[in-house]
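Listed here are the chains, written in short residue letters.
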Amino acid sequence: MKKYAFYIVGIFSGFVNGILGTGGGTVAVPAMEWLGVDPKKSHSTAIAVILPITAVSAFLYYRQGNVDLKSTLILAVSGSVGAFIGAKFLKKIPSSWLKIIFGISMIAGGIKGFING
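This text gives an overview of the structure that appears in the document. Just so you know, these numbers come straight off a predicted model, no measurement behind them.

**Details of the overall build of the protein**
Consideration 1: For the protein, the count of helices and strands is five helices and zero strands.
Consideration 2: Seen in sequence order, the protein has helices and strands lined up from the N terminus as α-α-α-α-α.
Consideration 3: Considered along the principal axes of its C-alpha atoms, the protein spans approximately 40 × 35 × 30 Å.
Consideration 4: The buried share among the 117 residues of the protein stands at 19%.

Written as structure tokens, this is what we have:
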């Protein structure tokens with residue numbers, strides 16, 4: 001039964017990614033933790049599944065003419081640096097802190113989205 005829950009999480013994560021440009025972290029992480037996956041593994045797994053989900057969405061966005069290639073290059077390079085640093089820090093952060101940091105970022109993002117709607 002748990003296996004089918006992961007299929008549903010995957011489909012929903014991909015759907016949210018296609019519409020909002022997010023989904024791996026905002027959907028998959030809380031869902032995997034709810035399904036009993038360790039917080040660090042949830043975050044790491046979400047990052048691993050973001051690549052194929054995002055590649056599909058990015059390809060379709062590009063075909064529709066909705067991708068700024070110059071910004072993409074700048075953000076990809078600088079984001080890769082940040083990702084390297086963040087991934088190194090993940091193993092040093094206690095899971096309890098990780099949940100708090102993630103929760104605060106989700107709340108902050110929700111408030112920003114609501115205000116800027």
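**A look at the environment of Ala-108**
Consideration 1: Within the secondary structure, Ala-108 is located in helix H5 (residues 95–116).
Consideration 2: Residue Ala-108 is classed as partly exposed on the basis of its relative accessible area, which comes to 44%.
Consideration 3: Put simply, Ala-108 and Ser-78 are 30 residues apart on the chain and 22 Å apart in space, counted from C-alpha to C-alpha.

**Looking at the packing of aromatic side chains**
The geometry of an aromatic ring pair comes down to the distance between the two centres and the angle between the two planes.
Consideration 1: Counted under the stated rule, the structure contains one aromatic pair.
Consideration 2: With a centroid separation of 6.3 Å and 40 degrees between ring planes, the pair formed by Tyr-4 and Tyr-7 is classed as tilted. Linking Tyr-4 with Tyr-7, this pair stays in helix H1 (residues 2–20), spanning three residues, or about one helical turn.
Consideration 3: The exposure class assigned to Tyr-4 is exposed, which follows from its relative accessible area of 52%.
Consideration 4: We classify Tyr-7 as exposed; its relative accessible area is 52%.
Consideration 5: The ring of Tyr-4 carries the charged tip of Lys-3 above its face, separated from the ring centre by 6.0 Å.

**Here we look at the packing of H1 against helix H3 (residues 39–63)**
Consideration 1: Between H1 and H3, the shortest axis-to-axis distance is 9 Å and the interhelical angle comes to 30 degrees. Remark: the crossing between H1 and H3 carries right-handed chirality. Listed contacts from H3 to Ser-13, Gly-14, Asn-17, Gly-18 and Ile-19 of H1 are Ile-53, Thr-54, Ser-57 and Tyr-61.
Consideration 2: Grouping the amino acids of the contact of H1 with H3 by side-chain chemistry returns three nonpolar, six polar and no charged.

**Notes on the environment of Glu-33**
Consideration 1: As for its placement among the helices and strands, Glu-33 is situated in helix H2 (residues 24–34).
Consideration 2: Classification of Glu-33 by relative accessible area gives partly exposed; the value is 22%.
Consideration 3: When neighbours within four sequence positions are excluded, Glu-33 is seen to be in contact with Pro-39, Ser-42, His-43 and Lys-99.

**Brief notes about the side chain of Ser-57**
Consideration 1: Locating Ser-57 in the fold gives a position in helix H3.
Consideration 2: For Ser-57, the side chain forms a polar contact with the side chain of Asn-17, separated by 2.6 Å.
Consideration 3: Residues contacting Ser-57, with those up to four places away along its chain left out, are Asn-17 and Gly-18.

Thresholds applied
Residues numbered from 1 in each chain as written. Predicted model: local features only at pLDDT ≥ 70, side-chain atom pairs only at ≥ 80, totals over all residues. Heavy atoms only, no water. Helix = DSSP H or I, 4+ residues; strand = E, 2+ residues; numbered from the N terminus. Buried < 20%, exposed > 50% of the residue type's maximum accessible area, 1.4 Å probe, protein only. Phe/Tyr/Trp six-rings, centres within 6.5 Å; stacked < 30°, edge-to-face > 60°. Lys NZ or Arg CZ within 6 Å of the ring centre and 35° of its normal. Axes fitted to C-alpha atoms, helices over the stretch in contact; angles between N-to-C directions. Left-handed = near helix turned anticlockwise from the far one by under 90°. Contact = heavy atoms within 4.5 Å. Nonpolar A, V, L, I, M, F, W, Y, C, P; charged D, E, K, R; others polar. Polar contact = N/O pair within 3.5 Å; in protein donor to acceptor, adjacent residues only side chain to side chain.

Any link to function would need more than the numbers given here.
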